[in-house]
Amino acid sequence: MRAPAMLRCAAALAILLAVAAPAAGFYLPGVAPSDFAKGDPLQVKVNKLTSIKTQLPYTYYSLPFCKPATIVDSAENLGEVLRGDRIENSPYVFQMREPKMCQIVCKATIDEKAAKVLKEKIEDEYRVNMILDNLPLVVPISRQDRNSIAYQGGYHVGAKGQYAGSKDEKYFIHNHLSFTVKYHRDDDSELSRIVGFEVHPYSVKHQFDDKWNGADTRLSTCDPRASKFVTNSDSPQEVEAGKEIIFTYDVRFEDSEIKWASRWDTYLLMTDDQIHWFSIVNSLMIVLFLSGMVAMIMLRTLYRDISRYNQLETQEEAQEETGWKLVHGDVFRPPTNSDLLCVYVGTGVQFFGMLLVTMIFAVLGFLSPSNRGGLMTAMLLVWVLMGLLAGYTSSRLYKMFKGSEWKKITLQTAFLFPGVAFIIFFILNALIWGEKSSGAVPFTTMFALVLLWFGISVPLVFVGSYLGFKKPAMEPPVKTNKIPRQIPEQAWYMNPIFTILIGGVLPFGAVFIELFFILTSIWLHQFYYIFGFLFLVFVILIITCAEITIVLCYFQLCSEDYMWWWRSYLTSGSSALYLFLYAAFYFFTKLQITKVVSGILYFGYMLLASYAFFVLTGTIGFCACFWFTRLIYSSVKID
């Protein structure tokens, strides 16, 4: 008997390995470069306000900042909307390579409500995010321990502090921004390209002598004609109801040797590459250990067992044998809740296909951070298209179990996991909406998601299921007895719960270091673009899940326990339990979340991620075990 499912898995793995090598030669593609002549206007855009303490984004103009005459929203893609991005124009006006000093943006008198909101945002350490030529604004921070500079995304709305000789804590707003625009000039022309966008924020209580005359007012605290510039926050601007705040900014331009193709290197600088390599080496050691175990079982034990079993001449001699050979008449007996197993395997194949395709595009550089929301958009679209594989796989397995109601299994495949995910997402989105955050998904976007689900995914699942059910059923390599064999009493170490929990340790151990960087990029708002490492970890995860499941399945069959179907799925799938426990550990040790709603959001999304991880790893383990059992029993001669 052949195993077409395993051949497909092997082909997929070969594709992964094939694309790994050339991936390192790609630049981040981003968008097409823009050339600017001297004096050309530069459009500064504002994005959401973010905080690692609340995880709730807000729009820039939810605070009493200066506004342009007309606020224009930029068109966001699906991924940007789901991330909470709200990109709008700003009142800041730059001209290429023309510095500006002490430019007044506006004067604002804040009322009691605005002052309260500002204090709350300062307390929660919110940052303002801006964009220039598709580059995010960063704040350079010197690190004395490494004699290097780190970059923080966005600047803080303000800071807390006390006046000298006072114990009362006050809130101060950063109302003066000193921008630095780095550019790379073309050698053959006067055109330039922007390669950096930095800022130093200050809190300054501005003063003016004459009457207020808008942007033409002459400030006594910041006057280029008097060579008086803002270099510190010694006289900060306090946030109090009824007080006036004058917003100002400087712009200076700095020639840079950095070329446009490398301008994202600053944002994606890997300072922990040694830790990543340690992660890979650690995972490879686990794989080598498991590979040795599998090789020993396959090449020595199994080969010896099969040879001896095939040489037995009488039934009496066969009865004297023990182990996996004796359960050949029951090993392919359909399990309890076989319908649910088919659904989960089909959904797992859908996840595998989505991750495989998305990761290939990411490794090749098509999903760079400059394409905001591109990664999430791609994952959603590929997930929808992979519904074809989900329906096909679940129906093929269902037909092997002698099932006849293919429409029922198709509906379960199309709605079980997406339905659970949508319910969790809807509840969490309602909580975000209650906080009036920009992270709340609008009704139109929610409708688009439902349309993708019902309009594309569900029909594709039905098409795949129909095609799978039309094909002949997969026949097991041995016949199944009509009367189930009694399973002997098992040793304590073969207890299902024990082996399932042990089986999930190694797959989780292969990925947990990389998991730290993924959680950091998501919840601490950092860029993640180390898809080369992620790709290697993904391959190692596949191998680890397959090998640990095969090893434990062999031990189970040797103990004459033939109920391997669900246990093979749960063995590698239990790694999701460790993932969720690690997420809880990360929450209490690395994050500073204090709000109840933010905590619910974190654990809600991590629960959903763990559920998806369970479906993925469980399916990998099941497919490997399914191939293994068909292989060994097809090698045994049964009279």
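This text goes with the structure placed above it.
In short, a report on the structure. (Residues numbered from 1 in each chain as written. Predicted model: local features only at pLDDT ≥ 70, side-chain atom pairs only at ≥ 80, totals over all residues. Heavy atoms only, no water.)

**Notes on the overall build of the chain**
Phase 1 of the analysis: Tallying secondary structure elements over the chain gives 16 helices and 13 strands in all.
Phase 2 of the analysis: Counting every position in the chain, which comprises 639 residues, the buried fraction comes to 52%.
Phase 3 of the analysis: Taking the intrachain contacts of the chain between residues at least 6 apart in sequence as the baseline, contacts between residues at least 24 apart amount to 81%. (Helix = DSSP H or I, 4+ residues; strand = E, 2+ residues; numbered from the N terminus. Buried < 20%, exposed > 50% of the residue type's maximum accessible area, 1.4 Å probe, protein only. Contact = heavy atoms within 4.5 Å.)

**As for the pairing of strand E12 (residues 192-202)**
Phase 1 of the analysis: Counting buried positions along E12 gives 9 out of 11 residues, so the element sits mostly inside the fold.
Phase 2 of the analysis: Count of turn residues in the strand E11 (residues 176-185)/E12 antiparallel hairpin: 6 residues. (Pairing = 2+ DSSP bridges.)

**Description of the packing of aromatic side chains**
Phase 1 of the analysis: The full count for this structure, using the stated rule, is 55 aromatic pairs.
Phase 2 of the analysis: Each ring, one from Tyr60 and one from Phe65, has its centre 4.7 Å from the other, and the planes form 25 degrees; the classification is stacked. Each member of the pair, Tyr60 together with Phe65, is buried.
Phase 3 of the analysis: By the ring-pair criterion, three or more aromatic residues cluster together here, those being Tyr344, Phe351, Trp383, Phe417, Trp566, Tyr569, Tyr611 and Phe614.
Phase 4 of the analysis: Lying across the ring of Tyr126, Lys121 places its NZ or CZ 5.5 Å from the centre.
Phase 5 of the analysis: In this structure, Lys399 is placed above the aromatic ring of Phe469, and the distance from its NZ or CZ to the ring centre is 5.3 Å. (Phe/Tyr/Trp six-rings, centres within 6.5 Å; stacked < 30°, edge-to-face > 60°. Lys NZ or Arg CZ within 6 Å of the ring centre and 35° of its normal.)

**Regarding the state of the cysteines**
Phase 1 of the analysis: All chains considered together, the criterion is met by 2 disulfides.
Phase 2 of the analysis: Between the sulfur atoms of Cys66 and its disulfide mate Cys106 the distance is 1.8 Å. Disulfide Cys66 to Cys106: torsion about the S-S bond roughly -80 degrees, handedness left-handed. Taken as a pair, Cys66 in the loop between strand E1 (41-50) and helix H2 (78-83) and Cys106 in strand E3 (residues 100-109) lie far apart in primary sequence, 40 residues in all. (Disulfide = S-S within 2.5 Å.)

**Observations concerning the environment of Glu80**
Phase 1 of the analysis: Within the element layout of this structure, Glu80 appears in helix H2.
Phase 2 of the analysis: Using a relative accessible area of 8% as the deciding quantity, one classes Glu80 as buried.
Phase 3 of the analysis: Sequence spacing of Glu80 and Asn371 is 291 residues, and the spatial spacing of their C-alpha atoms is 9.5 Å.
Phase 4 of the analysis: Sequence-distant contacts of Glu80, defined by excluding residues within four places in its chain, comprise Ala75, Asp85, Arg86, Ile87, Arg372 and Gly373.

**Considering the packing of helix H9 (residues 406-434) against helix H16 (residues 596-634)**
Phase 1 of the analysis: In contact at an axis separation of 10 Å, H9 and H16 are set at 170 degrees when each is read in the N-to-C sense. Considering the angle they form, H9 stands roughly antiparallel to H16. Contacts between H9 and H16 involve Leu416, Phe417, Val420, Ala421, Ile424, Phe425, Leu428, Leu431 and Ile432 from the first element and Val597, Ile600, Leu601, Gly604, Tyr605, Leu608, Tyr611, Ala612 and Val615 from the second.
Phase 2 of the analysis: Looking at side-chain class alone, the contact of H9 with H16 contains 17 nonpolar, 1 polar and no charged residues. (Axes fitted to C-alpha atoms, helices over the stretch in contact; angles between N-to-C directions. Parallel < 35°, antiparallel > 145°, perpendicular 65-115°, else oblique. Nonpolar A, V, L, I, M, F, W, Y, C, P; charged D, E, K, R; others polar.)

**Focus on the packing of helix H6 (residues 338-363) against helix H8 (residues 387-400)**
Phase 1 of the analysis: One can describe the packing of H6 onto H8 by two numbers: an axis separation of 7 Å at closest approach and a directional angle of 150 degrees. With respect to H8, the axis of H6 lies roughly antiparallel. Pair H6 / H8 crosses with right-handed handedness. For the pair H6 and H8, contact is made by Asp339, Cys342, Val345, Gly346, Val349 and Gln350 and by Gly387, Leu389, Ala390, Thr393, Ser394, Leu397 and Tyr398, respectively.
Phase 2 of the analysis: Considered class by class, the residues forming the contact of H6 with H8 number 7 nonpolar, 5 polar and 1 charged. (Left-handed = near helix turned anticlockwise from the far one by under 90°.)

**Topic: unusual backbone geometry**
Most peptide bonds adopt trans geometry, and most residues besides glycine take a negative phi value.
Phase 1 of the analysis: At Cys102, a position not held by glycine, the phi torsion is positive, near 55 degrees.
Phase 2 of the analysis: By the element assignment, Cys102 lies in strand E3.
Phase 3 of the analysis: Judged by its relative accessible area of 9%, Cys102 falls in the buried class.

**Considerations on the pattern of salt bridges**
Phase 1 of the analysis: If you walk through the whole model with that rule in mind, you get 18 salt bridges.
Phase 2 of the analysis: For Lys160, the salt bridge identified is with Glu169, shortest N-O distance 4.0 Å.
Phase 3 of the analysis: Residue class for Lys160 comes out partly exposed when judged on its relative accessible area of 36%.
Phase 4 of the analysis: Judged by its relative accessible area of 43%, Glu169 is partly exposed.
Phase 5 of the analysis: For the salt bridge of Arg252 with Glu254, the shortest nitrogen-to-oxygen distance reads 3.5 Å.
Phase 6 of the analysis: Judged by its relative accessible area of 40%, Arg252 is partly exposed.
Phase 7 of the analysis: Overall, the relative accessible area of 28% leaves Glu254 in the partly exposed class.
Phase 8 of the analysis: One network of salt bridges, with partners in common, ties together Lys182, Glu198, Arg252 and Glu254. (Salt bridge = Lys/Arg side-chain N within 4 Å of Asp/Glu carboxyl O.)

**Brief notes about the nonpolar core**
Phase 1 of the analysis: Counting residues in hydrophobic clusters, the biggest one holds 158 residues, and the most contacted among them are Tyr92, Phe94, Met130, Phe179 and Trp564.
Phase 2 of the analysis: Ranked by the residues each element gives to this core, the list is headed by H16, at 19 residues.
Phase 3 of the analysis: Residues within four places of Tyr92 in sequence aside, it is in contact with Val44, Tyr60, Val105, Met130, Leu177, Phe179 and Tyr249.
Phase 4 of the analysis: Counting 8 residues, the second-largest nonpolar core is a separate cluster that includes Ile104, Leu219, Cys222 and Ile246. (Core = buried A, V, L, I, M, F, W, Y, C linked by side-chain atoms within 4.5 Å.)

**Points about helix H3 (residues 112-123)**
Phase 1 of the analysis: Taking 1.5 Å as the rise per residue, H3 with 12 residues should run 16 Å; its terminal C-alpha atoms sit 16 Å apart, in good agreement.
Phase 2 of the analysis: Taken together, the buried positions of H3 are Ala114, Ala115, Leu118, Lys121 and Ile122. For H3, the buried positions fall inside an angular range of 130 degrees around the axis, keeping them on one side. Within H3, the exposed residues directed more than 90 degrees away from the buried face are Glu112, Lys113 and Lys116.
Phase 3 of the analysis: Buried residues in H3 make contact with strand E9 (158-161) and strand E10 (170-173).
Phase 4 of the analysis: N-capping of H3 is provided by Asp111, with a side-chain oxygen placed 3.3 Å from the backbone N of Lys113.
Phase 5 of the analysis: Looking one or two residues beyond H3, the residue adopting positive phi is Glu125, at roughly 60 degrees. (Expected span 1.5 Å × (residues − 1). Arc of directions from axis to C-beta. Polar contact = N/O pair within 3.5 Å; in protein donor to acceptor, adjacent residues only side chain to side chain.)

**A look at a nonpolar patch on the surface**
Phase 1 of the analysis: There is a patch of nonpolar side chains on the surface, built from Leu388, Val463, Tyr466 and Leu467 and spanning about 340 Å² of accessible area.
Phase 2 of the analysis: Here the element with the most residues in the nonpolar patch is helix H10 (residues 443-470); it accounts for 3 residues.
Phase 3 of the analysis: Mapped onto the elements, Tyr466 comes out in helix H10. (Patch = residues over 30% accessible without salt bridge, like charges linked within 9 Å, V, L, I, M, F, W, Y side chains within 5 Å. Areas by Shrake-Rupley, 256 points an atom, 1.4 Å probe, with all protein chains shown as cover.)

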